[in-house]
Structures are given as C-alpha cells and as structure tokens.
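Architecture and fold: a report
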Amino acid sequence: GENVEQHPSTLSVQEGDSAVIKCTYSDSASNYFPWYKQELGKRPQLIIDIRSNVGEKKDQRIAVTLNKTAKHFSLHITETQPEDSAVYFCAASHDRNKLVFGAGTILRVKS
Amino acid sequence: GAVVSQHPSWVICKSGTSVKIECRSLDFQATTMFWYRQFPKQSLMLMATSNEGSKATYEQGVEKDKFLINHASLTLSTLTVTSAHPEDSSFYICSARDYAGGPYEQYFGPGTRLTVT
C-alpha cells in the first residue's frame, strides 16, 4: 500500500521568510496530492492540492510542486505570517481510494 | 457548500460503556465516508471506509467489533465505540466524499473529542 513520508517534523521560520515542507510517496499509481492545515483541536483544512497531470500549482502565497518521477511533492509558503503557524499534513491517494497522510509538520512563524 | 458536521463535538464516558458519534453531510450526498482517529501530536490514522448501504472496510489493526460503523443513508454515517476503555480516548474525525463531484476531494467534519474515564 501507499506510504507517505513527510519532512521536517518541525520548522521554525522568521515572519516574512519562506517555508518548505517535503513529502515522498511510494505508490506510483497515486494521482492526487492534497495539503492540509490543522490548528489545535480543529478539523484539517485543505489549503491546496495537485493532481498528477500538473507539475506545479500556486494560490497566492502557497504553492505546491510535484515530481512524479522522483515521487515527491513539496509545499512552499512565501512571506510567512504568524497566522500560518499550525500543523501541516501532506497526503496522497489514487482516484476514489483512501487518503494516506504524512506524519505532519509543526510550523512556527516567529514575529 | 460541502459542509460536514459531527455530533457530539466532545463526549466523556465511563469505561465499559458505548458511545455513538454521528457524521452528516449537510449539503451534498456522500456515497463514501471515512473515519479517522487522531492521537495528540500525531497524524490522522484511517480507521475505516464506509460506503452507503454496504459494510464498512476496516484498516488493518482496527477491531470491527469494537468500532461499529453504519452508513445507512447518503448523508449519515455513525461510529459506535463499544465497551470503551481509556486508551480509546482520542480525537475522531470523519470525512465525506461528494457523490456528484470529482473523485478526489474529501470534506472533513469538525471532529469529536472522546474521553473515557
């Protein structure tokens, strides 16, 4: 089955700097890669996703890149703000199959 | 659109009792719902996949007789934790996939905090 690894487990950045979180997946059939932001005690919120027919997607300060050959995808947050502090999870799935989540990254943005 | 609710948002129960958690899709039909468990500072672990009108598919290591899942309609799935023990204390989150939408996105409920004393 699918296995998703996520790094780093914690990331501290200064406000205004960029943050990058990386994930690798094992199943070459996976074709959907969402990223979620979760605040303490809350539901995961989808912040951006990418499908395997696209190499990069951007939404304002957030971007995701996908390298199908290497089976890895990354989340890029530019101009970080204190409200970006949260836990971020990557995930992978194939069509209607289940999502497999990474272990999560605690992002701290210091002001 | 695409709102998923859960009830209750938190529950405290005594060891040995059962507790039911409801997951509802409010504005769409969900043929598939997923149940996750999340322990503190850990990731979401899929417990089971629930399809309307059929038996749930449980992940390896999840006791189907302990975690009863029912998906009786296109808008409601329930998770019953039977004979709860303190180690079942966790954050339970459901998600639903829109029947009419694309095959990919899941919409998450707000979660239910279960504490077993």
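Placed above this text is the structure.
Anyway, here's the lowdown on the structure attached to this text. Everything quoted here is computed from the prediction, not taken from an experiment. (Residues numbered from 1 in each chain as written. Chains lettered and ligands numbered in written order. Predicted model: local features only at pLDDT ≥ 70, side-chain atom pairs only at ≥ 80, totals over all residues. Heavy atoms only, no water.)

What follows deals with the pattern of salt bridges. Scanning the entire structure with this criterion turns up six salt bridges over all chains. The salt bridge involving A:R61 is made with A:D84; its shortest N-O contact spans 2.9 Å. Taken as a pair, A:R61 in the loop between β6 (56-59) and β7 (62-67) and A:D84 in the loop between β8 (72-77) and β9 (86-92) lie far apart in primary sequence, 23 residues in all. The shortest N-O distance in the salt bridge between B:D88 and B:K66 comes to 2.8 Å. Within this pair, whereas B:D88 is found in the loop between β8 (76-81) and β9 (90-98), its partner B:K66 is found in the loop between β6 (57-58) and β7 (67-73), the two being separated by 22 residues in sequence. (Salt bridge = Lys/Arg side-chain N within 4 Å of Asp/Glu carboxyl O. Helix = DSSP H or I, 4+ residues; strand = E, 2+ residues; numbered from the N terminus.)

The biggest cluster of nonpolar side chains holds 25 residues, and the ones touching the most others in it are B:F67, B:L79 and B:L114. Secondary-structure elements contributing two or more residues to this core are β2 (10-13), β3 (19-25), β4 (30-38), β5 (45-51), β7, β8, β9 and β11 (112-116) of chain B. Among the nonpolar cores identified, the runner-up in size contains 24 residues, and A:V4, A:V13, A:A92 and A:V100 belong to it. (Core = buried A, V, L, I, M, F, W, Y, C linked by side-chain atoms within 4.5 Å. Buried < 20%, exposed > 50% of the residue type's maximum accessible area, 1.4 Å probe, protein only.)

All names here are of chain A. An order of β1-β3-β8-β7-β6 is seen for the five strands of this open sheet, with the pairing classed as antiparallel. Edge positions in the sheet fall to β1 (4-7) and β6, since each has one partner strand and no second. Taken over all neighbouring pairs, the strand axes of this sheet differ in orientation by 15° on average, direction set aside. Bridge analysis of β1 against strand β3 (residues 19-25) gives four bridges, and the strand direction is antiparallel. Opposite V4, over in β3, you have Y25 as the bridge partner. (Pairing = 2+ DSSP bridges. Axes fitted to C-alpha atoms, helices over the stretch in contact; angles between N-to-C directions.)

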